[in-house]
Amino acid sequence: MKYSNITQAVFIRRPNRFIAEVEVNGVKEIVHVKNTGRCKELLIPGCEVWLTSPGTPGRKTKYDLVAVRKSTGVLFNIDSQAPNKVVKEWLETGTYTKVVPEYTYGDSRLDFYMERTEEDGRKDKCLMEVKGCTLEYDGIGYFPDAPTERGVKHIRELIRAKSEGYSASLAFVIQMDGVSEVRPNIDTHPEFGTAMSDAKKAGVEILFLKCHVEPDSLEITC
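In this report, we go over the structure that sits alongside the text.

1. What about the overall build of the protein?
A tally of helices and strands in the protein yields three helices and 16 strands. Its C-alpha atoms give the protein a radius of gyration of 18 Å, near enough to 17 Å, the size a compact globule of 222 residues would have. Principal-axis analysis of the C-alpha atoms places the extent of the protein at approximately 60 × 35 × 30 Å. Here the protein holds 222 residues, and the buried ones make up 47% of them. One finds the centroid of the 31 positive side-chain charges in the protein at a distance of 4 Å from the centroid of its 33 negative side-chain charges.

Next comes the structure, spelled out in structure tokens:
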């Protein structure tokens, strides 16, 4: 997944979860933050950030903030729309004959429905929910960085789908280099940890999708 244009800037502050103040070539700009999570350990005054300019008519802000360099020197993609885009690219290069984004199942809209034919001729029907991980401590990824009742609901739907004969997977897109594991952030949302544990026991596959990040791109490397 590649951005068509990218601009480097310096982060100043984040008045609310939707916008940030940055400095671009000595000029202060209000930009849209493409991640409603807290990102407090990333968006620190003075840090390097990268912006895209979609050029959409009628926008209130010229730029979207999509990447940040942490104080450790590691580059993070924090675009919450990027994980689904990069997973779609990844799935389409695999063995699936059908990949359908935003698939309605039960009372939820899960990120992907896929089909493929096994060697014995059986059609494998698969459901996948994708989560982007942007929280890291000591080389371990954690999710979520804010409570997510919606995330818990989606895991429960995957468990139900598994019991009804689907293949089901929960995929964490690790939006940074050097991290290969994501653990539930039970300090922030204990319920998510419980749901993830129940999913493992039910046979839902947990995928940790390692990535390489550049200011203008995100690529799954596993």
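2. Examining the layout of surface pockets
To find the voids left in a structure, one rolls a probe of water-molecule size over its atoms. The volume enclosed by the largest pocket comes to roughly 810 Å³. As for the largest pocket, its lining consists of 30 residues, of which Asn 35, Thr 36, Gly 37, Ser 80 and Phe 143 are closest to the centre. Breaking the lining of the largest pocket down by element, the ones donating at least two residues are β3 (27-33), α1 (82-92), β9 (123-133) and β11 (140-143). The element contributing the most residues to the lining of the largest pocket is β9, with five residues. Partitioning the lining of the largest pocket into residue classes produces 11 nonpolar, 11 polar and eight charged.

3. Some details on the packing of helix α2 (residues 149-163) against helix α3 (residues 190-202)
Interhelical geometry of α2 versus α3 gives an angle of 15 degrees and a closest axis separation of 9 Å. Classified by the interaxial angle, the pair formed by α2 and α3 is roughly parallel. As α2 packs across α3, the resulting crossing turns out to be left-handed. Contacts between α2 and α3 involve Glu 149, Gly 151, Val 152, Ile 155, Arg 156, Ile 159 and Lys 162 from the first element and Glu 191, Phe 192, Thr 194, Ala 195, Met 196, Asp 198, Ala 199 and Ala 202 from the second.

4. Structural notes on α1
Every buried residue belonging to α1 is among Ala 82, Pro 83, Val 86, Val 87 and Leu 91, and all of these are buried. Projected down its long axis, α1 shows its buried positions confined to an angular sector of 155 degrees, all on one face.

5. A few points about the sheet that holds strand β7 (residues 98-105)
The five strands are arranged β7-β8-β9-β12-β14 in an open sheet whose pairing can be described as mixed. Two strands lie at the open edges of the sheet, namely β7 and β14 (205-209), each paired on one side alone. For this sheet, the mean angle separating the axes of adjacent strands, direction not counted, is 35 degrees. Relative to strand β12 (residues 167-174), β9 runs parallel, the two being bridged by eight bridges. If you follow Lys 131 over to β12, its bridge partner there is Phe 172. Running over the sheet, α2 touches β7, β8 (108-117), β9 and β12 and is turned about 35 degrees from β8.

6. Points about α3
Look at α3: 19 Å from first C-alpha to last across 13 residues, which is about the 18 Å you get at 1.5 Å a residue. Three or more residues of α3 are buried, namely Phe 192, Gly 193, Ala 195, Met 196 and Ala 199. Along the axis of α3, the buried positions cluster into a sector of 165 degrees, meaning they face one direction only. At its buried positions, α3 is contacted by β11, α2, β12, β13 (182-184) and β14. Downstream of α3 by a residue or two, Gly 203 has a phi angle that is positive, lying close to 95 degrees.

7. Focus on the sheet that holds β13
Consider a sheet: its strands pair through backbone hydrogen bonds, and that pairing is either parallel or antiparallel. As summarised here, the arrangement of the three strands in space is β10-β11-β13, forming an open sheet in which the pairing is mixed. Looking at which strands have only one partner, the edges of the open sheet turn out to be β10 (135-137) and β13. Recorded for the sheet is a direction-independent mean angle of 40 degrees between the axes of neighbouring strands. Summarising the sheet, β11 and β13 pair through three bridges and their orientation is parallel. When the sheet's bridge partners are listed, Phe 143 is paired in β13 with Pro 184.

Parameters and conventions
- Residues numbered from 1 in each chain as written.
- Predicted model: local features only at pLDDT ≥ 70, side-chain atom pairs only at ≥ 80, totals over all residues.
- Heavy atoms only, no water.
- Helix = DSSP H or I, 4+ residues; strand = E, 2+ residues; numbered from the N terminus.
- Rg over C-alpha atoms; globule rule 2.2 N^0.38 Å.
- Buried < 20%, exposed > 50% of the residue type's maximum accessible area, 1.4 Å probe, protein only.
- Lys, Arg positive; Asp, Glu negative; His and termini not counted.
- Charge placed at Lys NZ, Arg CZ, Asp CG, Glu CD.
- 1 Å grid on protein atoms, 1.4 Å probe; cavity = no way out; pocket = protein on both sides within 12 Å on 5 of 7 lines; lining within 4 Å.
- Points joined across faces, edges and corners; volume = space filled by probe spheres on them.
- Nonpolar A, V, L, I, M, F, W, Y, C, P; charged D, E, K, R; others polar.
- Axes fitted to C-alpha atoms, helices over the stretch in contact; angles between N-to-C directions.
- Parallel < 35°, antiparallel > 145°, perpendicular 65-115°, else oblique.
- Left-handed = near helix turned anticlockwise from the far one by under 90°.
- Contact = heavy atoms within 4.5 Å.
- Arc of directions from axis to C-beta.
- Pairing = 2+ DSSP bridges.
- Expected span 1.5 Å × (residues − 1).

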